[in-house]
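Descriptive analysis of the structure
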Amino acid sequence: MAVLLAAVVGVASPASAHHSFAMYEPTKTLTLKGTVKTFQWTNPHVVIWILVQPEGGGAAQEWSLETTSPGVLTRAGWTRQSLKAGDRVSVEFSPLRDGSHGGGLNSVTLLDTGQKLVPSFGKEQPGLK
């Protein structure tokens, strides 16, 4: 029995570590406006790439924002068509601790319609499209 318990704990630990959000700074929230480059609807985490024009001009910067799984997002009302390349968005996120262009998504608002999409980890929000 002890060997079986050790095997189960050993298998569960890497999965738990893989799904950690420790790389994000949870005490900070940033907001950026940009254009969706790619909306990757895949397991284990959905990723949105947006292009952000720097305030001082220059080439657009690419930001990668990670959220939860497609299954969780589906229960929150999202679909694989919720975001499309070219959509103008405002995103709120917890930035990466290392300062790279990325973070953990808190919400995304479609600027042309005002629709706000929230990952809502564990809380369903029916009616979002």
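Residues numbered from 1 in each chain as written. Predicted model: local features only at pLDDT ≥ 70, side-chain atom pairs only at ≥ 80, totals over all residues. Heavy atoms only, no water.

Quick look at the pattern of salt bridges
Note the following rule: A side-chain nitrogen of Lys or Arg and a carboxyl oxygen of Asp or Glu constitute a salt bridge if their distance falls within 4 Å. Each helix is a run of DSSP H or I of at least 4 residues and each strand a run of E of at least 2, with the numbering of both proceeding from the N terminus. A 1.4 Å probe rolled over the protein chains alone gives each residue an accessible area, and that area as a share of the maximum for its type sets the label: buried under 20%, exposed over 50%, partly exposed in between.
Applying the stated rule across the entire model yields three salt bridges. Residue lysine 37 pairs with glutamate 62 through a salt bridge whose shortest N-O separation is 2.9 Å. A residue pair is termed long-range when its members are at least 10 positions apart, and lysine 37 in strand β1 (residues 30-40) and glutamate 62 in strand β3 (residues 61-66) qualify at 25 residues. The exposure class assigned to lysine 37 is partly exposed, which follows from its relative accessible area of 39%. Between aspartate 112 and arginine 88 there is a salt bridge, with the nearest N and O atoms lying 2.9 Å from each other. A residue pair is termed long-range when its members are at least 10 positions apart, and aspartate 112 in the loop between β5 (102-110) and β6 (116-117) and arginine 88 in strand β4 (residues 88-95) qualify at 24 residues.

Observations concerning the environment of leucine 111
Rules: By definition, residues are in contact when any of their heavy atoms lie within 4.5 Å.
Secondary-structure assignment places leucine 111 in the loop between β5 and β6. When the C-alpha atoms of leucine 111 and valine 89 are compared, they prove to be 5.2 Å apart, with 22 residues separating the residues in sequence. With residues near it in sequence (within four places) discarded, leucine 111 still touches Lys33, Arg88, Val89 and Ser90.

Section: the side chain of glutamate 25
In plain terms, the rule: Pairs of N or O atoms are called polar contacts if they sit within 3.5 Å, as long as, within protein, a hydrogen donor faces a hydrogen acceptor (for residues adjacent in sequence, only side-chain-to-side-chain pairs).
Checked against the element boundaries, glutamate 25 lands in the loop between α1 (2-18) and β1. Judged by relative accessible area, glutamate 25 falls into the buried class, the value being 17%. Within polar-contact distance, the side chain of glutamate 25 engages the side chain of threonine 27 at 2.5 Å. For glutamate 25, the side chain forms a polar contact with the side chain of arginine 97, separated by 3.0 Å. Those residues in contact with glutamate 25 that lie beyond four places of it in its chain are Ser94, Pro95 and Arg97.

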